[in-house]
Structure formats: structure tokens, C-alpha cells
There are 2 protein chains.
Amino acid sequence: MRQFNKVTIIGVGLIGGSIGLAIKKKGLAKKVAGVFRRKSTLKKALARKAVDKGYMTVEEGIKGADLIIVATPVSKIIEVLRKVMKKARRGAIVTDAGSTKKLVVDRAEKLSRKSNAYFVGSHPMAGSEHSSVEFARDNLFEGSPCIVTKTARTNKTALKKVANFWKGLGGNVKVMTPRQHDRSVALISHLPHIVAFSLAGAIPEKELAYAAEGFKDTTRVASSDPHLWADIFLTNKEDVLNACRLFEKYYKNILKVLSKGDYEGVVALLKKAKLKRDTFKNKSEFRNPKSETISKSE
Amino acid sequence: MRQFNKVTIIGVGLIGGSIGLAIKKKGLAKKVAGVFRRKSTLKKALARKAVDKGYMTVEEGIKGADLIIVATPVSKIIEVLRKVMKKARRGAIVTDAGSTKKLVVDRAEKLSRKSNAYFVGSHPMAGSEHSSVEFARDNLFEGSPCIVTKTARTNKTALKKVANFWKGLGGNVKVMTPRQHDRSVALISHLPHIVAFSLAGAIPEKELAYAAEGFKDTTRVASSDPHLWADIFLTNKEDVLNACRLFEKYYKNILKVLSKGDYEGVVALLKKAKLKRDTFKNKSEFRNPKSETISKSE
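What counts and what doesn't
- Residues numbered from 1 in each chain as written.
- Chains lettered and ligands numbered in written order.
- Predicted model: local features only at pLDDT ≥ 70, side-chain atom pairs only at ≥ 80, totals over all residues.
- Helix = DSSP H or I, 4+ residues; strand = E, 2+ residues; numbered from the N terminus.
- Rg over C-alpha atoms; globule rule 2.2 N^0.38 Å.
- Buried ≥ 20, exposed ≤ 12 C-beta atoms within 10 Å, placed from the backbone.
- Contact = placed C-beta atoms within 7 Å.
- Domains from an automatic or database assignment.
- Nonpolar A, V, L, I, M, F, W, Y, C, P; charged D, E, K, R; others polar.
- Pairing = 2+ DSSP bridges.
- Axes fitted to C-alpha atoms, helices over the stretch in contact; angles between N-to-C directions.
- Least-squares fit on C-alpha atoms with pLDDT ≥ 70 in both.
- Parallel < 35°, antiparallel > 145°, perpendicular 65-115°, else oblique.
- Left-handed = near helix turned anticlockwise from the far one by under 90°.
- Core = buried A, V, L, I, M, F, W, Y, C linked by C-beta atoms within 7 Å.
- Expected span 1.5 Å × (residues − 1).

What follows covers the overall build of chain A. Scanning chain A from terminus to terminus reveals 12 helices and nine strands. Computed over C-alpha atoms, the radius of gyration of chain A comes to 21 Å, within 12% of the 19 Å expected from 2.2 N^0.38 for 298 residues, which places it in the range of a compact globule. Along the first, second and third principal axes, the C-alpha set of chain A runs to 70 × 45 × 35 Å. Out of the 298 residues in chain A, the part that is buried amounts to 57%. Partitioning the contacts of chain A with sequence separation of at least 6, the portion at a separation of at least 24 is 75%.

Below, the structure is given as C-alpha cells:
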């Protein structure tokens, strides 16, 4: 099952830590190194055995690595990639785990021109409202959608290796362009976050005493890291704003029929929404455990 | 622990069925009767032992009952109460489980004038996106907020008995006016439902293949019964529309700073929302298992 000799994870939080745990559980690499910004996180990651060895600089950490994964917050990825693409050994494969792809992949491909390494963009769509390594787990990617990006410049062998890596971690791999990715995640991830933050922000604190399961689930992701999500929204601004427009249209239609007291009109809009949500539920419950094969997506 | 001799539940779905199961588990009544609209539901409820005996008419079902609970969808409550308040035995206590209270309690109090029974409004804030008796469970009300309404016309002994009943079922009882109730639930329950339905309705179906945990939780309640929720929204229209305005204000503020590319502005609004959501999480995790006592709320 081994796919790589040494994998280096830069940024070992919930995602990076879970990658480390999953690689080790599945035996996908001989060694897993981590690069840290804080010593305290390095200690926690070693204690959780998320990495075999920790480093405080990119240069040391990626030495000899044949797969390098940048799992920092999206705003730090480019900065880290600048060093990585310069110092990675010949033929190394570099990927990331950023929630937006167009900006990252464009920049990374520019850096690739002068590099000995290959870059392929990734976005494992797993995680939770928590972002620290304490919440990492080895099954975080099991059955999760995992997007790998392909552009005219993407090296096909590197793409296959990255796709197989996420599959090896249990991910449900889809290959698409960075543009398609950003449009999709704006709709199914960034928009729900905007809405959840707005809901949690809007409700007067004294009312929370009566809040029950509906409020709890609808706003769960509003507990996510504000810096992380500000980065994501800003690096995907146009697509996020377009997604918001789509949401507002449906929302305003509901309010319109409600204001008129039009029972059948309200029922019709709620039914359409329920149908879609139920389809999703059934799909995800019976989700094919086997990932799409790379040949199909090409 | 017995509080009543015979309790009759009219409308045995998720809520009514769970009330029956919980009464029997806690030994709060000698007999639990159910009134049904469909024979098929009667069979299911008997199979689940949610009631001891089932009836197809209100008149038969409430005979001799000292507590009658109307657990039908909110649009049917008044119609059912018309029969109940006429036929209930002298001194019987009548309550409901409707999600909106002003309309129900106003009408019920008019009916009370010519009745031998006492009416007290209730809203156990438990439930899920499911509405059938198959999903009923005896611990549905454990730790759930449960609102009991009080007006100038409410009989104090009846109020105490109803409050103690929900406490006996594990509910976290709060007493408030129907007006306060409707304003609160518009914010913490009806608004999240409007938003969840809008999100699920707005997202193009083909995108759902990539949807993950964030979308799943944020839209869970969009799988709820469209008729039930159209009723709730329409019977609490003004408060729901006011709650929506509050939501829109926060939402538009986020979009405004995002459009400007104002990172600090976005972070500030997300932080404020996260803080509120985290407060709620902590509150609900450490929620005092003991209910507010009735004397405190009076």
C-alpha cells in the first residue's frame, strides 16, 4: 500500500494532523514529517502521533520528501509554496489542502516554471468547526468528497499520484478545474457558512436560552475560525457573492408568498427545497464507497 | 410519580408518540389514550407502545381524561380544541404542543369561557426533521426547552400542573406570555428553518455531489414537513418577518465588508457571530438539568 517514501505536511492542524494519522494507519508512506509554526503544536502533534518527526522550518522539513502537502490556512499557502517549490527535490510532488483553488493554483503554476517539483491542487472537503490538531482523526477523509484540480499545465502522472493518495486516505475523489471547484464550493460550502455566521450573529443573545436542535445544527459552522473563513471568503469573493445572489432569490420568494399569506405558495417552495435536501441525504447515505477512477474524469 | 389518571394524546406523531412513551417510562399516568386520524398510524402507535389504547374520535378518546394534549399540526389545533373544550370532563386540563402560541391561546381562551376544562398553552421545543410516530422516543424531551404560556386568564393550578408535567418528562420549563413565546421562536426556530429551506432550495442539484458536513448540518431542517412548516410560518407571520429583517441586516453587513475586500471587517463580524454561537454551545452542554421552578417564573 506504500505510495511514497517521505511525506511532509506543512501546517499540522485538524486537516494536516488527520492526513498524518490516516497515512500512518493506511501505511501510505514510510515516514511522515511535519512543519510547524509553534513549538506547542509540534508537541501536541507528536503526542497524538500525527507525525513521526517535527521541524520548525520548511527547508529542513521537506528535505528528501517525495510528497509535500501544504495544509496551512489558505492565506499562507502561496507564501509557503514559494519556499517549497524552490527547495523541493527533483520530481517531488507538491499539493495543498486549501478551500479555494483558482488563486492558489494560478500562483503555484507560475512558481512551477522554475521548480524541479510538480504542483497539483487539492481540496479534501472534510473538517468541522474545529481547526486544531487535537481534533484530528485518522478517518476524517473516509467517504468525504475530495477535489483534485486539473489545468492545461497539470502533469498527468503527478495528478494520478495525488488522486490515488486521497483515494488511499478514503476520499471520494473528483477531478475538475480550479474554476469549477471555486464555483461549486462557493455554493455548497462558503454560502452555508455565510448564512450560518449571519444567523448566529443576528439572534439576540438572551434568546439563545430557548434555542434547540434546529438552531444548533443550522449554526454549527458559525463556531469555525473567523480568520480562516475571512480568508476563504476573500480569496473566492466573486463566486461567493454570486452564490449569495442565488440564495437571496429563493429566500425572497419564500418571504413574498409568506407576506401574502399564500399557503400553497409557501408549501410549494418548501417542498422543492425538501426534495433537494432529501435527494442529498439519500445520496450521501448510500454514497458509493468507491471513488470515481481517475480515467473516468479525464 | 403519578400525576394523572388518564392522559389522552390527540395526534400521535413524533411529538405525541414521544409524549406517550415518556409518560409510560416515567409513570406519570395510569392510562395513556391516543386519538388518531388514520387507522394505519393507530396500529403503528400501538406496536410502538406509545399509547395503551387508540380511538378514532375525539369524543371517545377523551372520555374520563384528566389531562388532554393536542399534539396535531398547528393548523388543526383550534378545530380539535373546539370539540375538546366542549366535551372534556369537569376540571380536566387541556394543553397543546403547537409551535406558535398567540393564535392558539387566544382562540382556546375564548373556547374556555363556555367550558368545564382549563386550557394552558405548551410548546415542547424538541423534535427533528421527522414527523412520524416511528421516530418517537421516550427521551425526546430530556433537557429540551419547554415553554408553558401564562396570560391574565390562565388558571394558576392548571399552569402548575402542566409545568410539572413537562418537567416530569425531562423538559427544561420556562413560563412566558404567548406573545414573548412567538417572538422568541421566530428568532431561534422559525428563522433558521426559513434560511435552511432557502439554502437547500437555492443550490443547483448537480452541486450536491460535492456537499459535505457544513451543507448537511446547515440544511438538515429543510427536510422537515412542508405543510407543517407553512402552517407555523403563516400562524406567526409578523414575528417571522421581523426575525428575517434582523438576519438580513447581519447578512448584508457581511456582504458589504466582503465586497470591499475588507479583511478586518469580515473577521470582526464572523468573530461576533462565533462568540455568540460558542456561548450557546457551552450553555447547552452544561445546561442545568433541573428546570426552572414554577414559583421562580411567576
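Turning our eyes to something else, we now look at the domain arrangement of chain A. Reports often express the size of an interface as the amount of accessible area lost when the parts come together. All names here are of chain A. Assigned domains of chain A: these are domain 1 (4–176) and domain 2 (182–282). The gap between the C-alpha centroids of domain 1 and domain 2 is 30 Å. Counting residues at the interface gives 10 residues for domain 1, matched by 13 residues for domain 2. Elements represented by at least two residues in the side of domain 1 that touches domain 2 include exactly helix 4 (74–87) and helix 5 (102–112). Residues belonging to the side of domain 1 that touches domain 2 are distributed by class as follows: three nonpolar, four polar and three charged.

Moving on to the sheet that holds strand 4 (residues 67–70) of chain B. Residue and element names in this part refer to chain B. Spatial ordering of the open sheet is given by 3-2-1-4-5-6, a layout of six strands whose pairing is parallel. In this open sheet, the two edge strands, each paired with only one partner strand, are strand 3 (53–55) and strand 6 (118–119). Here six bridges tie strand 1 (residues 4–10) to strand 2 (residues 29–35), and the two strands are oriented parallel to one another. Note on strand 2: the bridge partner recorded for Phe4 is Ala29. Here helix 1 (residues 14–26) sits on the sheet and contacts strand 1, strand 2 and strand 4; the angle it forms with strand 2, its principal contact strand, is near 165°.

Residue and element names in this part refer to chain B. The three strands lie next to each other as 7-8-9, forming an open sheet whose pairing is mixed. Two strands lie at the open edges of the sheet, namely strand 7 (122–124) and strand 9 (172–176), each paired on one side alone. With strand direction ignored, the average angle separating the axes of adjacent strands in the sheet is 15°. Here strand 7 runs beside strand 8 (residues 145–149); their pairing, made up of three bridges, is antiparallel. When the bridges of strand 8 are listed, His123 appears paired with Ile147. Contacting strand 7, strand 8 and strand 9, helix 7 (residues 178–202) crosses the sheet at an angle of about 150° to strand 8.

Turning our attention to the relation of the copies chain B and chain A. Expressed as a screw operation, the relation of chain B to chain A combines 0.0 Å of axial shift with a rotation of 180°, fitting to an RMSD of 0.0 Å. The two molecules are tied by a two-fold rotation axis, judged by turn and shift. Residue Thr218 of chain B of chain B places its C-alpha closer to the rotation axis than any other residue of that unit, at 2.0 Å. By residue overlap, the copies meet face to face through one surface: 100% of the interface positions of chain B are interface positions in chain A.

Okay, the packing of helix 7 (residues 178–202) of chain A against helix 10 (residues 237–259) of chain A next. Residue and element names in this part refer to chain A. Packing of helix 7 against helix 10 brings their axes to within 8 Å, and their N-to-C directions diverge by 65°. Relative to helix 10, the element helix 7 lies roughly perpendicular. Crossing of helix 7 over helix 10 shows right-handed handedness. Contact residues: Asp182, Arg183, Ala186, Leu187, His190, Leu191, Ile194 and Val195 in helix 7; Asp239, Val240, Asn242, Ala243, Cys244 and Phe247 in helix 10.

What follows concerns the environment of Gly201 of chain B. Note that Gly201 of chain B resides in helix 7. Considering only alpha carbons, one finds Gly201 of chain B and Lys110 of chain B, 91 residues apart in sequence, at a separation of 40 Å. Excluding its chain neighbours within four sequence positions, the residues that come into contact with Gly201 of chain B are Tyr250, Leu269, Lys272, Ala273 and Lys276 of chain A.

What follows concerns the nonpolar core. Within the largest apolar cluster, 204 residues are counted, with the highest numbers of intra-cluster contacts made by Ile68 of chain A together with Ile68 of chain B. Once residues within four sequence positions are removed from consideration, Ile68 of chain A is found in contact with Thr8, Ile10, Ile62, Val84, Ala88, Ala92 and Val94 of chain A.

Residue and element names in this part refer to chain A. Here helix 10 spans 32 Å end to end across 23 residues, near enough to the 33 Å set by a 1.5 Å rise per residue. For helix 10, the full list of buried residues reads Asp239, Val240, Ala243, Cys244, Phe247, Tyr251, Ile254, Val257 and Leu258. Backbone geometry just downstream of helix 10 places Gly261 in the positive-phi region, at approximately 75°.

A few words now on the interface of chain B and chain A. Contacts between the two partners involve 78 residues from chain B, matched on the other side by 78 residues from chain A. Elements supplying a minimum of two residues to the side of chain B that touches chain A: strand 8, helix 7, helix 8 (213–218), helix 9 (226–235), helix 10 (237–259) and helix 11 (263–285) of chain B. No other element matches the 17 residues that helix 11 of chain B contributes to the side of chain B that touches chain A. For the side of chain B that touches chain A, the residue count by class is 45 nonpolar, 16 polar and 17 charged.

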